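Summary of the model geometry
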Amino acid sequence: MRADRLVAVLLLMQARGRVTAAELAGELEVSVATARRDLEALSAAGVPVYPQPGRGGGWSLVGGARTDLSGLSATEARALFLLVGPATSIVPEARSALRKLLRALPGTFRADAEAAAGAVVIDPARWGGHERERPRLVEVLQDATVRRRRVDLVYTDRAGERSRPLVDPWGLVDKDDIWYLVAGTDDGQRTFRVDRIAEAVVTELPARRPAGFELSRAWRRVVDEVERQRSHVSATVLVEARLLPVLRAQFERHCSVDGPAGDGRVRVRLTAPTPLMIAQQLAGWGAGIEVEESEPVRAELARLGSELVERYAT
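Residues numbered from 1 in each chain as written. Predicted model: local features only at pLDDT ≥ 70, side-chain atom pairs only at ≥ 80, totals over all residues. Heavy atoms only, no water.

Let us look at unusual backbone geometry. Unusually for a residue other than glycine, Asp 177 sits at a positive phi of about 70 degrees. Along the chain, Asp 177 falls in the loop between β6 (166-175) and β7 (178-185). Relative accessible area serves as the criterion here: at 26%, Asp 177 is assigned to the partly exposed category. In the Ramachandran plot, Glu 252 falls in the positive-phi region, its phi being about 50 degrees despite a non-glycine side chain. Inspection of the secondary structure puts Glu 252 in the loop between α9 (244-251) and β11 (255-260). (Helix = DSSP H or I, 4+ residues; strand = E, 2+ residues; numbered from the N terminus. Buried < 20%, exposed > 50% of the residue type's maximum accessible area, 1.4 Å probe, protein only.)

With that settled, consider the pairing of strand β4 (residues 149-156). Where β4 lies against strand β9 (residues 197-206), 6 bridges are found, and the strand directions are antiparallel. Counted as the bridge partner of Tyr 155 is Ile 197 from β9. Bridge count between β4 and β6: 2 bridges; the pairing is antiparallel. Bridge pairing in β6 places Asp 152 opposite Leu 166. Relative to strand β5 (residues 162-163), β4 runs antiparallel, the two sharing 2 bridges. Bridge pairing links Thr 156 to Arg 162 in β5. Hairpin geometry of β4 and β5 is characterised by an intervening segment of 5 residues between the two adjacent antiparallel strands and by a positive phi of about 90 degrees at Gly 160. (Pairing = 2+ DSSP bridges.)

For the rest of this paragraph, the subject is the packing of helix α2 (residues 21-28) against helix α3 (residues 32-44). In contact at an axis separation of 8 Å, α2 and α3 are set at 110 degrees when each is read in the N-to-C sense. With respect to each other, α2 and α3 are oriented roughly perpendicular. In this structure, α2 contributes Ala 21, Ala 22, Leu 24 and Ala 25 to the contact, and α3 contributes Val 32, Ala 35, Arg 36 and Leu 39. The residue makeup of the contact of α2 with α3, split by class, is 7 nonpolar, no polar and 1 charged. (Axes fitted to C-alpha atoms, helices over the stretch in contact; angles between N-to-C directions. Parallel < 35°, antiparallel > 145°, perpendicular 65-115°, else oblique. Contact = heavy atoms within 4.5 Å. Nonpolar A, V, L, I, M, F, W, Y, C, P; charged D, E, K, R; others polar.)

Let's shift gears to the sheet that holds strand β12 (residues 265-272). One open sheet accounts for 4 strands, arranged β11-β12-β10-β13; its pairing is antiparallel. Edge strands, defined here as strands with exactly one partner in the open sheet, are β11 and β13 (289-293). The mean angle between the axes of side-by-side strands here comes to 30 degrees, regardless of whether they run parallel or antiparallel. Relative to β13, strand β10 (residues 233-240) is paired through 4 bridges, and the arrangement is antiparallel. Bridged to Val 239 within β13 is Ile 289.

It is worth spelling out the nonpolar core at this point. Grouped together as the largest cluster of nonpolar side chains are 21 residues, with contacts concentrated most on Val 237, Val 239, Leu 247, Val 268, Leu 270 and Leu 282. Put simply, the parts of the chain that give this core at least two residues each are β10, α9, β12, α10 (275-282), β13 and α11 (295-312). Setting aside residues up to four positions removed in sequence, Leu 282 forms contacts with Val 237, Leu 247, Phe 251, Leu 270, Ile 289, Val 291 and Leu 301. Within the second largest apolar cluster, 17 residues are counted, among which are Met 13, Val 19, Leu 39 and Leu 42. (Core = buried A, V, L, I, M, F, W, Y, C linked by side-chain atoms within 4.5 Å.)

Function-wise, these values are silent; they only describe arrangement.
What follows is the structure in structure tokens.
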């Protein structure tokens with residue numbers, strides 16, 4: 001796009017002070033004639049750009065004028081490049097955007113910002129696992145969200161029911177490498193797993209978006225509701241204090257400490273959707289943990305133990 005190229009021209013000029021049409025052409029991968037037309041277009045648009053004839057000439061901003069497109073402090077620039085830098089290996093456009101932003105920074109900021117951009121690498125694959133492929137429809141839904149266009153979906157829910165909702169896309173969330181679309185429907189807000197969307201057709205109908213909508217706040221409500229639904233069953237267990245961090249890592253937010261039990265152990269409350277799901281995670285602890293309260297969980301543990309004894313005892 002020419003507008004994008006003109007911004008790049010301006011950033012180069014404010015970074016270097018003076019450039020020639022040939023230098024611009026090489027940097028932007030266009031012809032010298034195109035670079036010269038871009039410079040003339042900036043001048044015609046009122047940007048204080050003027051040519052300097054003769055040997056060592058070129059084009060400069062009048063009086064060294066600058067257009068600060070970043071407005072960032074050194075700390076803000078470093079934080080931004082630390083955040084965006086890892087994305088350049090995933091999204092090619094991010095690399096180009098980062099390069100342009102780097103040119104816009106004051107010279108004293110550039111070294112730290114450039115170092116920050118390459119200081120972090122994100123490897124989304126778990127140990128022993130493969131990196132999940134990004135769902136092919138993510139970019140389609142991102143574009144619809146940014147352009148605020150309604151989307152006609154073909155969606156299969158968890159129960160296998162297929163539907164064709166026409167939605168207003170409000171935002172996308174990547175949670176633990178699973179993508180979700182938060183959207184408005186005729187029945188209100190709804191969350192769709194992107195990997196269950198078989199088809200997404202972007203229409204030219206303008207999408208409706210609630211006034212003051214914030215995706216992060218809406219997603220927090222979704223997470224809170226899902227976690228509440230996953231906490232229907234609870235069990236009180238006793239575990240040695242030194243092993244409490246391991247139990248917390250296993251159950252995460254579904255683990256809360258009630259207090260010391262008085263014998264070197266800690267009383268902990270665990271929650272899950274079903275008694276079996278608690279029992280399955282506790283079975284590997286053997287005698288290292290005691291279920292103090294929850295007969296259904298104790299019964300599931302006894303059943304699992306009997307099955308193991310029946311299969312493996314000699």
